[in-house]
Amino acid sequence: MSDLPAPLTNWFAARGWAPRRHQLEMLAAARRGSHALLVAATGAGKTLAGFLPTLSELIEAPTDGLHTLYISPLKALAVDVQRNLLTPIEEMGLNIRVETRTGDTSHEKKVRQRARPPQILLTTPESLSLLLSYEDSFRMFAGLKTLVVDEVHAFATGKRGDLLALALARLQVIAPEMRRVALSATVADPDGYRAWLAPHGDIDSVELVVGEKGADPDIAILLPEGRVPWSGHSGVYAIPQVMAEIETHNTTIVFCNTRGLCELVFQNLWKANDLQLPIGVHHGSLSLEARRKAEQAMADGKLRALVATASLDLGVDWGDVDCVIQMGAPKGSSRLLQRIGRANHRLDESSEAVLVPGNRFEYLEARAALDAVEAGDLDPDIFRPGALDVLAQHVMGVACAAPFEAGVLLREVQGALPYSALDAETFDRVLNFIADGGYALRAYDKFKRLTRTPDGLWRVTKPAFVAQHRLNAGIIVESPMLDVRFKNGRRLGKVEENFGSQLSPGDSFFFAGMAVEVERVELTDVIVRATAKPARIVSYTGLRLSISSTLAERVRRFLADPAEWARFPDDVREWLEVQQRRSQLPAPGRLLVETFPHEGRHHMVVYSFEGWNAHQSLGMLVTRRMEALGLKPIGFVANDYALAVYGLEPITDPVALFSPDILEDEFVDWVQGSALLKRAFREVAIIGGLVERQQPGKKRTGRQVTFSTDLIYDVLRKYEPDHLLLKAAWADARARMTDVGRLAHLLDTAAEQMVHVDLDRVSPMAVPVLIMIGRETVAQGAAEDAMLIEAEALAVEAMRVD
């Protein structure tokens, strides 16, 4: 306490509190001028630990300029931190201004913040990058002392992390004395994050501060009153039990893995809400007003439950939350731990959580996640080289602020760990791409954004390109969206264009927690009115969360060790026992493949546990190879745990369908000929600035953007196949959309690890995946009910032991 200024000491004492050890260690690191990474449990006061040095310095040496930048991955988190930070500042009577700056901040306030910034500014990676594109950024950030990155695990290893790492490198040049701080509750590889945070990857310059271990969470798996379902992934069978949990707790957050499931669960809870308890809904496609209203209602203690997606995964501190419910499988131990931490937010009290598995495999995954959390076994963090489309966006932003010399900027960029190995030749390619679009596009003036002047400096060609950059910069590229609004102009949020374009007047759907009827569909808007008509759930595309390798390995171990089964419900244990009698069980180091006839077709089920994305890719490749071998494939279905392929001819030698060369032959042909690569190219073209989403005074429709990117894609494929953005798109399609790393591992080991069991009929473990055939795009409402009925019928056949 002796290191704290009197106002802080008195503030702690007035509450009967004392700063925690890790908070004082963070203050000590700041006094030494060291960068620091704090890894501490939720409820341990991480945010206060990050700001304690700032508050101390501003008390001891007040300044009117920008002192501290706080970077958060979520707008909601920035707003919540501002609310929580203002309380102690006001109670101590300190003259410290704290403001937020996100995409939701008004234009007038943004202009004022650049002219007279607050002492503490809370923002996002994208908004920081935009600030750095202004000429006055050198003046604004010259006196910056500290930069705090909250929830660093949430984005450091992705493209948003690339953008932030580049911004850090730029800020370090503008403010050489700036100190870097990062905070997280769920880091599996602290040294990896220390290196990411450090200037030039100098890991020794970043002190690691580890907080006290909190109370162990109290996690339960909710079992149905009947049997654990064979299929489904939503957990809606348990809605009455979930409602009972809400009724017996003060405040509950019900987490869902997708926006569609979020709306579905909310509607089902509302139907079961006999006590008329106040329940809200929160996800990223809702309007700002709707999200803020739900957040404020939670902060004021006016809601008994909030159904949410990952939009509330991180950091939001509502002390009255005493229960977290996860609908469906958690997919990763780190994600589960993060969500559990939203309950209680106190270090010395157990966070209470309930997992609601959707089916039998998800029960095993939930059990694996619970064990992993108990053992402190977090999901691995995969760091990779920085993306070139992100680099192109950053370089253009730098040019908007001031002309630059290529060699000087290259050295600055290499100070960011993701780009530390960037060579001069690749950097020149990035510069030339921004300068003229590349060989195939250089005839068009619209792509000539940079020019090199006789003095050797790179400058923006004309002011219109500066405005274009600031209007379109950003890393998050959503699917094309349409605004959903009432006739009076009130916005409810957004739906994807693919969904909205299929709507006609009179159609109804659930959105923002209500049923709405379409009045008309305009170019960029869906005009609706409230209705009591039966409605459907909005569908969203996008990448699905796949089971982490950590949980997949634990599930394999469960299956291979019957001694574990005593912990499982009777019907799950019986399921595994019959599988063991009739076939085999997947085991670590073994790849179980079953073949059997069913309903006039020949089926092959591969239990590889490599996640939905890898299995989807494998299904495409295997059916192509089956076609070449004359096996007459009809189709495939996949979940996180298995792939099922079916056709007209029996598969007698599955080893022939799996070999590493499939990645060199069928994989390349498939990706290049599929929509995957075009989708990936659309993203990198937008991020790299080749195509703008918005123009001054108007927003382009998703169709217009897609048409432009598809046109450029076709030109580049034909005339410049080694174009910088085509290579970036290929890297994205391989890594993100197909999970090629897990796919490659599976194919590399398949031949030596495969155990082939030929059966006369469907096996118990095949039921959950087989029931998806013909139902891949449904699984809600009546369709899910039909799946459950069909699954039970199929299970009768599978569970016979004669």
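Preceding this section is the structure that the text describes.
Residues numbered from 1 in each chain as written. Predicted model: local features only at pLDDT ≥ 70, side-chain atom pairs only at ≥ 80, totals over all residues. Heavy atoms only, no water.

Enquirer: Outline the packing of aromatic side chains, supporting the account with residue identities and numerical values.
Expert: In this structure the tally under the stated criterion is 16 aromatic pairs. Ring centres 5.7 Å apart and planes at 80° place the aromatic pair Tyr363 and Phe568 in the edge-to-face group. Of the two residues, Tyr363 is situated in helix H14 (residues 360-375) and Phe568 in the loop between helix H20 (549-560) and helix H21 (570-582); the sequence distance between them amounts to 205 residues. Across the pair, exposure class does not vary: Tyr363 and Phe568 are buried alike. Judged by centre distance (6.3 Å) and plane angle (65°), the rings of Phe609 and Tyr641 are edge-to-face. Linking Phe609 in the loop between strand S24 (601-607) and helix H22 (612-628) with Tyr641 in the loop between strand S25 (633-638) and strand S26 (643-647), this pair joins segments that are 32 residues apart in sequence. Residue classification places Phe609 among the buried residues on the basis of a relative accessible area of 1%. Classification of Tyr641 by relative accessible area gives buried; the value is 3%. Grouped by ring-pair contacts, the aromatic residues Trp230, Phe361, Trp575, Phe609 and Tyr641 constitute a single cluster. One cation-aromatic arrangement involves Arg160 over Phe155; the distance from NZ or CZ to the ring centre is 5.7 Å. Sitting over the face of the ring of Phe433, Arg449 holds its NZ or CZ atom 5.5 Å from the ring centroid. (Phe/Tyr/Trp six-rings, centres within 6.5 Å; stacked < 30°, edge-to-face > 60°. Helix = DSSP H or I, 4+ residues; strand = E, 2+ residues; numbered from the N terminus. Buried < 20%, exposed > 50% of the residue type's maximum accessible area, 1.4 Å probe, protein only. Lys NZ or Arg CZ within 6 Å of the ring centre and 35° of its normal.)

Enquirer: Which residues make up the sheet that holds strand S15 (residues 450-452), and what are the values?
Expert: With antiparallel pairing, the three strands of this open sheet are ordered in space as S14-S16-S15. Each having just a single partner strand, strand S14 (404-405) and S15 make up the two edges of the open sheet. The pairing of S15 with strand S16 (residues 457-460) spans three bridges and is antiparallel. Bridge pairing in S16 links Arg452 to Trp458. (Pairing = 2+ DSSP bridges.)

Enquirer: Could you give me a rundown of unusual backbone geometry, with the residues and numbers involved?
Expert: For residues that are not glycine, phi is negative in most cases, and the peptide bond is trans in most cases. In this structure, Gln276 is a non-glycine residue whose phi angle is positive, near 55°. Take Gln276: it is sitting in the loop between helix H11 (259-271) and strand S10 (279-282). Here Lys331, not a glycine, exhibits a phi torsion of approximately 75°, which is positive. Positionally, Lys331 belongs in the loop between strand S12 (323-327) and helix H13 (333-340).

Enquirer: Residues and numbers for the pattern of salt bridges, please.
Expert: This structure, assessed with the given rule, holds 43 salt bridges. With a closest N to O distance of 3.0 Å, Arg194 and Asp191 form a salt bridge. Of this pair, Arg194 and Asp191 both sit in helix H9 (residues 190-197), three residues apart, roughly one helical turn. Where Glu517 meets Lys533, a salt bridge forms, and the shortest distance between an N and an O atom there is 3.8 Å. Remark: Lys533 occurs in the loop between strand S21 (525-530) and strand S22 (536-537) and Glu517 occurs in strand S20 (residues 514-521); sequence separation between them is 16 residues. Taking relative accessible area as the criterion, Lys533 reaches 33% and is therefore assigned partly exposed. Taken together, the shared-partner salt bridges in this structure form one network comprising Arg485, Arg520, Glu522 and Asp525. (Salt bridge = Lys/Arg side-chain N within 4 Å of Asp/Glu carboxyl O.)

Enquirer: For the pairing of strand S17 (residues 481-486), give the residues involved together with the corresponding values.
Expert: Extensive coverage of S17 is indicated by the burial of six of its six residues. Of the two faces of S17, the one holding Met481, Asp483 and Arg485 and the one holding Leu482, Val484 and Phe486 are both buried throughout. Bridge analysis of S17 against strand S18 (residues 491-496) gives five bridges, and the strand direction is antiparallel. Bridging across to S18, Arg485 finds its partner in Arg491. Between S17 and S18, which pair antiparallel one after the other, the connecting turn spans four residues, and Gly489 there sits at a positive phi close to 100°. In terms of strand pairing, S17 meets S21 through four bridges, oriented parallel. Across the sheet, Phe486 pairs through a bridge with Val528, a residue of S21.

Enquirer: Before we move on, can you summarise the packing of helix H15 (residues 388-401) against helix H17 (residues 424-436) with the specific residues and values?
Expert: For the pair H15 and H17, the least separation of the axes is 10 Å and the interaxial angle reads 60°. Accordingly, the angle class assigned to the pair H15 and H17 is oblique. Every pair of crossing elements has a handedness; the one defined by H15 and H17 is right-handed. Contact residues: H15 offers Leu388, Leu391, Ala392, Val395 and Met396, while H17 offers Thr426, Phe427, Val430, Leu431, Phe433 and Ile434. Class assignment for the residues of the contact of H15 with H17 results in ten nonpolar, one polar and no charged. (Axes fitted to C-alpha atoms, helices over the stretch in contact; angles between N-to-C directions. Parallel < 35°, antiparallel > 145°, perpendicular 65-115°, else oblique. Left-handed = near helix turned anticlockwise from the far one by under 90°. Contact = heavy atoms within 4.5 Å. Nonpolar A, V, L, I, M, F, W, Y, C, P; charged D, E, K, R; others polar.)

Enquirer: I'd like a description of the nonpolar core, backed by residues and values.
Expert: Formed by 117 residues in total, the largest nonpolar core has its most connected members in Leu128, Phe141, Leu450, Phe658, Phe681 and Leu690. Here this core takes nine residues from helix H8 (residues 159-174), the largest share from any one element. Once you skip the residues sitting within four places of it in the chain, Phe658 turns out to touch Met604, Val606, Leu618, Val622, Leu747, Ala750 and Met754. Residues Ile547, Trp575, Leu585 and Ile771 belong to the second largest nonpolar core, which totals 57 residues. (Core = buried A, V, L, I, M, F, W, Y, C linked by side-chain atoms within 4.5 Å.)

Enquirer: Run through the sheet that holds strand S2 (residues 68-71), naming residues and quoting values.
Expert: A sheet is described by the order of its strands in space; here seven strands give the open sequence S3-S4-S2-S5-S6-S1-S7, paired in parallel fashion. The open sheet has two edge strands with one neighbour each: strand S3 (98-101) and strand S7 (206-210). Across the sheet, the mean angle separating the axes of adjacent strands is 20° when strand polarity is ignored. Bridge count for S2 against strand S5 (residues 146-149) is four bridges, and the pairing is parallel. When the sheet's bridge partners are listed, Leu69 is paired in S5 with Leu147. Sitting on the sheet, helix H3 (residues 46-60) touches strand S1 (35-39), S2, strand S4 (120-123), S5 and strand S6 (179-184), and the angle it makes with S6 is about 155°.

Enquirer: Could you give an account of the side chain of His67, naming the residues involved and the relevant values?
Expert: In this structure, His67 sits in the loop between H3 and S2. Residue His67 is classed as buried on the basis of its relative accessible area of 4%. Ignoring anything within four residues of it in the chain, the contact list for His67 reads Thr54, Glu57, Leu58, Pro118, Gln119, Leu144, Lys145 and Thr146.

Enquirer: Lay out the packing of helix H16 (residues 406-413) against H17 in plain terms, naming residues and giving numbers.
Expert: Running from amino to carboxyl end, H16 crosses H17 at an angle of 115°, the nearest separation of the two axes being 11 Å. Relative to H17, H16 is oriented roughly perpendicular. The handedness of the crossing between H16 and H17 comes out as right-handed. Only Ala424, Phe427 and Leu431 of H17 make contact with H16, whose side of the interface consists of Ala406, Leu409 and Leu410. Of the residues belonging to the contact of H16 with H17, the class tally is six nonpolar, no polar and no charged.

Enquirer: Give me the lowdown on the pairing of strand S11 (residues 305-308), citing residues and values where you can.
Expert: Taking every second residue as pointing to the same face, both faces of S11 are buried, with Ala305 and Val307 on one and Leu306 and Ala308 on the other. Looking at chain direction, strand S9 (residues 252-255) and S11 are connected through four bridges and run parallel. When the bridges of S11 are listed, Val254 appears paired with Val307. As paired elements, S10 and S11 share four bridges and run parallel to each other. Paired with His282 across the two strands is Ala308, which belongs to S11.

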